[in-house]
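Report on the structure
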Amino acid sequence: MEPSQISPVSGREAFWTWARIAALSFGGPAGQIAVMHRILVEEKRWISEARFLHALNYCMLLPGPEAHQLAVYVGWLMHRIRGGILSGTLFVLPGVVSLGLLSWVYAVWGQVGIVGALFFGIKCAVLAIVLDAVRRIGKRALKSPALVAVAGLAFIGIFVFGVPFPLIILAAGLAGFLGRGSGWFKPAIGHGAGREGQGLIDAQFVLAIPAHVKPSARRFGIIALTGAGLWLGPLAACLVLLGPANVFTAIAAFNSRMAVVTFGGAYAALAYMAQQAVEHFHWLKPGEMLVGLGFAETTPGPLISVVQFVGFMAAFRAPGILSPALAGTLGGLLAMWATFVPSFLWIFLGGPYMEALIGNKALNAALSAITAAVVGVILNLAIWFALNTLFDQAVTLHFPGVILKLPVLHSINWPALVIASGAMVAIFRFRAGMVTVLVASCLAGITFYFAG
């Protein structure tokens, strides 16, 4: 007879453990995954190192925020769908509240003197943080010359030739799959050396595999239909009631589309989102995208929660009959719904099948190549941020099949260069913490404001 729960962990203990993880989930995907590893694998011993990394590999193959999906996955393993909903919701809840407040502060006072100077400092610090992400992920992912080549080709493809991001990820995954027997795409194992042996989940699985972990075509169909209705319902309502040209319809459509094409984790998704929100929809200025990312970096929750800031600003500036503050709040919540609901859906649909593929070499090889490509994409994001932070002007050169955006050197912003350089030295040389760097950069921005 199967037990009603995967482990003896009570719902109350699970609630407070996930709330604790949510409160500590600063520092981007790497920091959030490290927190979950320390608490779930080493401290609580709810899940083994091997199963934790297998779940992480699956989440990195999915579009969307991998840290959030990992939380949903472990919650689902332990307490079925209700456990996944609990862990995934708690993981983003602190960020929803804090980002909503920060978005309102920026929209109302962001262009006022000292407040603008504070946000200027954030933008400069974020450039250093993104460069550090390139270093960290590259060090972990680029373990062979073939993987370095994949990263380089991905960068050239997106920066020089404007190859669409989803196509780059698809090509990298295919290359890894085809080269699975060569040893070129051997996966890198990270996140420290966890405590060996079984976790509570693994021990329970030895006794009996619960029904919800076993693949079921009937359950797959029910979850797919229910999840799709919940996810796309707001978009359908906006289309019918407001029309395709309305800002709320655009927010729901854009974030729903982004949820299915942004493979490779939060930093990779940012490249696609920044390009679309700034250059296509014109909801934000390039510098404002950096402000939003700075907010997401300094609040708990996934980095991709910056969609709440983007949605807030888009609706705040086109409120229609609503007040700007109310429109912005609704726009931010709509963006979060369209972005995060699919993460639950991917886990509940694919989790049972992934549990049957633990140790699959082809899957791991594809993941390694995709992760390498993401390094090149993040490098492109860092250069995009640098162009829009350190220079006031840029020119775009067009050649057959090639588009290059280059800075106008005499337009360099010296205060931005000084602050960004200081942030880089603090992070790379002195290993300063992210919050420390952001606070110091804000103070530097205010100092330049008064000095000017």
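Everything below is about the structure printed above this text.
The structure contained in this document is the topic of the report that follows. Model, not experiment: these values are computed from the prediction.

**A short note on the overall build of the protein**
Scanning the protein from terminus to terminus reveals 17 helices and 2 strands. The C-alpha radius of gyration of the protein comes to 22 Å, within 12% of the 22 Å expected for a compact globule of 452 residues. Principal-axis analysis of the C-alpha atoms gives the protein an extent of 70 × 55 × 45 Å. When the 452 residues of the protein are sorted by exposure, 55% land in the buried category. Look at the contacts in the protein between residues 6 or more apart in sequence, and 76% of them connect residues 24 or more apart. Of the roughly 19,100 Å² of accessible surface on the protein, a fraction of 71% belongs to carbon and sulfur atoms.

**A look at a positive patch on the surface**
A surface patch of like charges, here positive, comprises Lys-139, Lys-143, Arg-429 and Arg-431. If you trace the backbone, Arg-429 turns up in helix α16 (residues 414-429). Under the relative-accessibility criterion, Arg-429 is labelled exposed at 58%.

**Points about the packing of helix α12 (residues 286-298) against helix α15 (residues 361-390)**
When two helices pack together, their arrangement is given by the angle between their axes and by how far apart the axes lie. Direction vectors running N to C along α12 and α15 enclose 115°, while the axes themselves pass 9 Å from each other. Taken as a pair, α12 and α15 cross one another with a handedness that is left-handed. Along the contact surface, α12 presents Pro-286, Met-289, Leu-290 and Leu-293, while α15 presents Trp-384, Phe-385, Asn-388 and Thr-389. Here the contact of α12 with α15 is composed, by residue class, of 6 nonpolar, 2 polar and no charged.

**Focus: the nonpolar core**
The biggest cluster of nonpolar side chains holds 145 residues, and the ones touching the most others in it are Met-36, Met-273, Trp-283 and Met-289. Discounting chain neighbours no more than four positions away, the residues touching Met-36 are Trp-18, Ile-21, Val-41, Phe-52, Ala-67, Leu-70, Ala-71 and Phe-91.

**Considerations on the pattern of salt bridges**
According to the stated counting rule, one finds 5 salt bridges in the structure shown. Ionic pairing is found between Glu-13 and Lys-44, a salt bridge with its closest N-O pair at 3.4 Å. Of this pair, Glu-13 sits in helix α1 (residues 11-23) while Lys-44 sits in the loop between α2 (28-43) and α3 (49-61), placing them 31 residues apart in sequence. Of the residues examined, Glu-13 reaches a relative accessible area of 31% and is grouped as partly exposed.

**Some words on the packing of aromatic side chains**
According to the stated counting rule, one finds 16 aromatic pairs in the structure shown. One aromatic cluster is present, built from ring pairs that chain together Tyr-58, Tyr-73 and Trp-76. Taking NZ or CZ as reference, Arg-180 lies 4.3 Å from the ring centre of Phe-177, over its face. Here the guanidinium or amino end of Arg-429 rests over the ring plane of Phe-430, the centre of that ring lying 5.2 Å away.

**Looking at α15**
Taking 1.5 Å as the rise per residue, α15 with 30 residues should run 44 Å; its terminal C-alpha atoms sit 44 Å apart, in good agreement. Where burial is concerned, most of α15 is hidden: 27 out of the 30 residues are buried.

**Side note on the environment of Leu-242**
Along the chain, the position of Leu-242 falls in helix α9 (residues 217-242). Between the C-alpha atom of Leu-242 and that of Leu-178, which follows or precedes it by 64 residues, the distance is 47 Å. Not counting chain neighbours up to four residues away, the residues in contact with Leu-242 comprise Ala-237, Phe-248 and Thr-249.

**Considerations on the packing of helix α4 (residues 66-109) against helix α14 (residues 324-355)**
Where α4 meets α14, the closest approach of the two axes is 10 Å, and the angle between their N-to-C directions is 160°. Put simply, α4 runs roughly antiparallel to α14. α4 and α14 meet at a crossing whose hand is right-handed.

**Observations concerning the side chain of Ser-305**
Residue position: Ser-305 is located in the loop between α12 and α13 (306-316). Here Ser-305 falls in the buried class, since its relative accessible area comes to 1%. Here Ser-305 is in contact with Leu-99, Met-336 and Phe-340, once residues within four sequence places are set aside.

**Re unusual backbone geometry**
Despite not being glycine, Arg-45 has its phi angle at roughly 55°, a positive value. Among the structural elements, Arg-45 can be located in the loop between α2 and α3. On the basis of relative accessibility, which here comes to 32%, the residue Arg-45 falls in the partly exposed class. Residue Arg-80 is not a glycine yet carries a positive backbone phi of 65°. Structurally, the position occupied by Arg-80 is in helix α4.

Conventions and cut-offs
Residues numbered from 1 in each chain as written. Predicted model: local features only at pLDDT ≥ 70, side-chain atom pairs only at ≥ 80, totals over all residues. Heavy atoms only, no water. Helix = DSSP H or I, 4+ residues; strand = E, 2+ residues; numbered from the N terminus. Rg over C-alpha atoms; globule rule 2.2 N^0.38 Å. Buried < 20%, exposed > 50% of the residue type's maximum accessible area, 1.4 Å probe, protein only. Contact = heavy atoms within 4.5 Å. Areas by Shrake-Rupley, 256 points an atom, 1.4 Å probe, with all protein chains shown as cover. Patch = residues over 30% accessible without salt bridge, like charges linked within 9 Å, V, L, I, M, F, W, Y side chains within 5 Å. Salt bridge = Lys/Arg side-chain N within 4 Å of Asp/Glu carboxyl O. Lys, Arg positive; Asp, Glu negative; His and termini not counted. Charge placed at Lys NZ, Arg CZ, Asp CG, Glu CD. Axes fitted to C-alpha atoms, helices over the stretch in contact; angles between N-to-C directions. Left-handed = near helix turned anticlockwise from the far one by under 90°. Nonpolar A, V, L, I, M, F, W, Y, C, P; charged D, E, K, R; others polar. Core = buried A, V, L, I, M, F, W, Y, C linked by side-chain atoms within 4.5 Å. Phe/Tyr/Trp six-rings, centres within 6.5 Å; stacked < 30°, edge-to-face > 60°. Lys NZ or Arg CZ within 6 Å of the ring centre and 35° of its normal. Expected span 1.5 Å × (residues − 1). Parallel < 35°, antiparallel > 145°, perpendicular 65-115°, else oblique.

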